[in-house]
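Architecture at a glance
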Amino acid sequence: MPRLNQETQELARKVLALEDQVLECFSQIYQIRINALKTRIHGDYHLGQVLFTGKDFIIIDFEGEPGFSFSERRLKKNPLKDVAGMMRSFHYAAFGKILLNENYREKDREFLEQWAEQWQHYISRFYLGAYLEKMGKLSTLSEEDEVLIRTYLIEKAIYELGYELNGRPDWVNIPLRGIYYLMQRYVLAVEESKKK
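This section reports on the structure supplied with the text.

Rules of the game
- Residues numbered from 1 in each chain as written.
- Predicted model: local features only at pLDDT ≥ 70, side-chain atom pairs only at ≥ 80, totals over all residues.
- Heavy atoms only, no water.
- Helix = DSSP H or I, 4+ residues; strand = E, 2+ residues; numbered from the N terminus.
- Rg over C-alpha atoms; globule rule 2.2 N^0.38 Å.
- Areas by Shrake-Rupley, 256 points an atom, 1.4 Å probe, with all protein chains shown as cover.
- Lys, Arg positive; Asp, Glu negative; His and termini not counted.
- Charge placed at Lys NZ, Arg CZ, Asp CG, Glu CD.
- Contact = heavy atoms within 4.5 Å.
- Salt bridge = Lys/Arg side-chain N within 4 Å of Asp/Glu carboxyl O.
- Buried < 20%, exposed > 50% of the residue type's maximum accessible area, 1.4 Å probe, protein only.
- Core = buried A, V, L, I, M, F, W, Y, C linked by side-chain atoms within 4.5 Å.
- Phe/Tyr/Trp six-rings, centres within 6.5 Å; stacked < 30°, edge-to-face > 60°.
- Lys NZ or Arg CZ within 6 Å of the ring centre and 35° of its normal.
- Axes fitted to C-alpha atoms, helices over the stretch in contact; angles between N-to-C directions.
- Parallel < 35°, antiparallel > 145°, perpendicular 65-115°, else oblique.
- Left-handed = near helix turned anticlockwise from the far one by under 90°.

**Points about the overall build of the protein chain**
In terms of regular secondary structure, the protein chain is built from 7 helices and 2 strands. If you list the helices and strands of the protein chain from N to C, you get α-α-β-β-α-α-α-α-α. For the protein chain, the C-alpha radius of gyration of 17 Å lies close to 16 Å, the compact-globule estimate for 196 residues. Overall, the C-alpha framework of the protein chain stretches about 50 × 45 × 35 Å when taken along its three principal axes. Entry remark: accessible area of the protein chain is about 12,700 Å², with carbon and sulfur atoms responsible for 55%. With 28 positive and 29 negative side-chain charges, the protein chain shows a separation of 4 Å between the mean positions of the two kinds.

Shown next, in the form of C-alpha cells:
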C-alpha cells in the first residue's frame, strides 16, 4: 500500500473489502457441472499478440503465459480462457491510454474514465458475442460458460494485479479497476438470479 498513490490506495481498500465475494464467485465453479471443451489455447492472448497485415490478422507468440511452467502451459484448457484474456486486454487498452497520457487535464479524467469503462464493456461484449457466433453457439452464454468466463476474467485480473505490483506499481490501478468492475457485475448477476 505505501508504494501506491492516494487514489490507488482508496481503490485497493475497496477491492480488499471484496475478498469474500471474490472467493464466493470462484466457488461457483464447483457448484455446477461443467461439460466444457478443452483444447490447446494461446495462453497469453491479448492485443499485443495480434498483428494486422492490412488484409488479415496474425496471432503471434504461442508459448503461453511466461509466468507458468512449461508443463503447465501445455495443459489443455477451455478456449474461453483466451477470450477472457482478450477482454481484459480491452480494459488495459481503454485505461492504459488515460494513465499514460500526461496531457489530460485532471478535471477531464473522471469523464474519460467513465467513457473508457463504457467502451471496454461494450467492446468486450461485442467480442464475446462474435466469438460465440463463430463457434456456432447461442448469442447468450450458457450457465456453465457464464461461470467460466467470469472466473477466467477475475483470475486474469488478479494475476495482472500481482504482475503490476511486482513490475509497474504505477499501473496497479488498471487491474484493481478491473477486479472492482467485475465484482460489481457479479453482485448484479447474483441479485438478478435471486429475483427469478
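**Overview of the environment of Tyr45**
By the element assignment, Tyr45 lies in the loop between α2 (19-27) and β1 (50-52). Among residues more than four places away in sequence, those in contact with Tyr45 are Val50, Ile59, Asp82, Gly85, Met86 and Tyr127.

**Considering the pattern of salt bridges**
With the rule as written, the count across this model stands at 11 salt bridges. Between Glu117 and Arg177 there is a salt bridge, with the nearest N and O atoms lying 3.6 Å from each other. A residue pair is termed long-range when its members are at least 10 positions apart, and Glu117 in helix α5 (residues 106-134) and Arg177 in helix α7 (residues 173-195) qualify at 60 residues. An identical accessibility class is assigned to Glu117 and Arg177; each is buried. The closest approach of N and O atoms between Lys137 and Asp145, which form a salt bridge, is 2.9 Å. By relative accessible area, Lys137 is classed as partly exposed at 39%. Residues participating in the shared-partner salt-bridge network are Arg109, Glu113, Glu117 and Arg177.

**As for the nonpolar core**
Leu80, Val83, Leu128, Ile149, Leu176 and Met183 are the most contacted members of the largest nonpolar core, which has 30 residues in total. Elements supplying a minimum of two residues to this core: α1 (6-16), α2, α4 (80-100), α5, α6 (143-167) and α7. When near neighbours in sequence (up to four residues on either side) are disregarded, Leu176 contacts Thr8, Leu11, Ala12, Val15 and Leu161. By size, the runner-up hydrophobic cluster in this structure holds 7 residues, among which are Ala94, Phe95, Ile98 and Ala116.

**Some points on the packing of aromatic side chains**
Going through the model one piece at a time under the given rule, you end up with 6 aromatic pairs. Ring geometry for Tyr92 versus Trp171: centroids 6.2 Å apart, planes at 25°, classification stacked. Linking Tyr92 in helix α4 with Trp171 in the loop between α6 and α7, this pair joins segments that are 79 residues apart in sequence. With respect to burial, Tyr92 and Trp171 carry one shared label: buried. Seen in terms of ring centroids, Phe111 and Trp115 are 6.3 Å apart; in terms of plane orientation they differ by 70°. Their pairing is edge-to-face. A residue pair is termed a helical-turn pair when its members lie 3 or 4 positions apart in one helix, as Phe111 and Trp115 do in helix α5 at 4 residues. Take Trp115: its relative accessible area is 56%, and that puts it in the exposed class. An aromatic cluster is present here, built from Phe90, Trp119 and Tyr127 joined pairwise through their rings. Stacked on the ring of Trp171, the Lys or Arg Arg168 has its end atom at 4.0 Å from the ring centre.

**Examining unusual backbone geometry**
Peptide bonds are trans in most cases, and residues, glycine excluded, mostly fall at negative phi. Positive phi, normally seen in glycine, also occurs at Asp61, with a value near 55°. Counting through the fold element by element, Asp61 comes out in the loop between β2 (57-59) and α3 (70-74). The partly exposed category is assigned to Asp61, whose relative accessible area is 36%.

**Brief notes about the packing of α4 against α7**
Where α4 contacts α7, the axes come no closer than 10 Å and their chain directions differ by 130°. Considering the angle they form, α4 stands oblique to α7. By crossing handedness, the relation of α4 to α7 is classed as right-handed. On α7, the residues touching Arg88, His91, Tyr92, Phe95, Gly96 and Leu99 of α4 are Ile174, Pro175, Arg177, Gly178 and Leu182.

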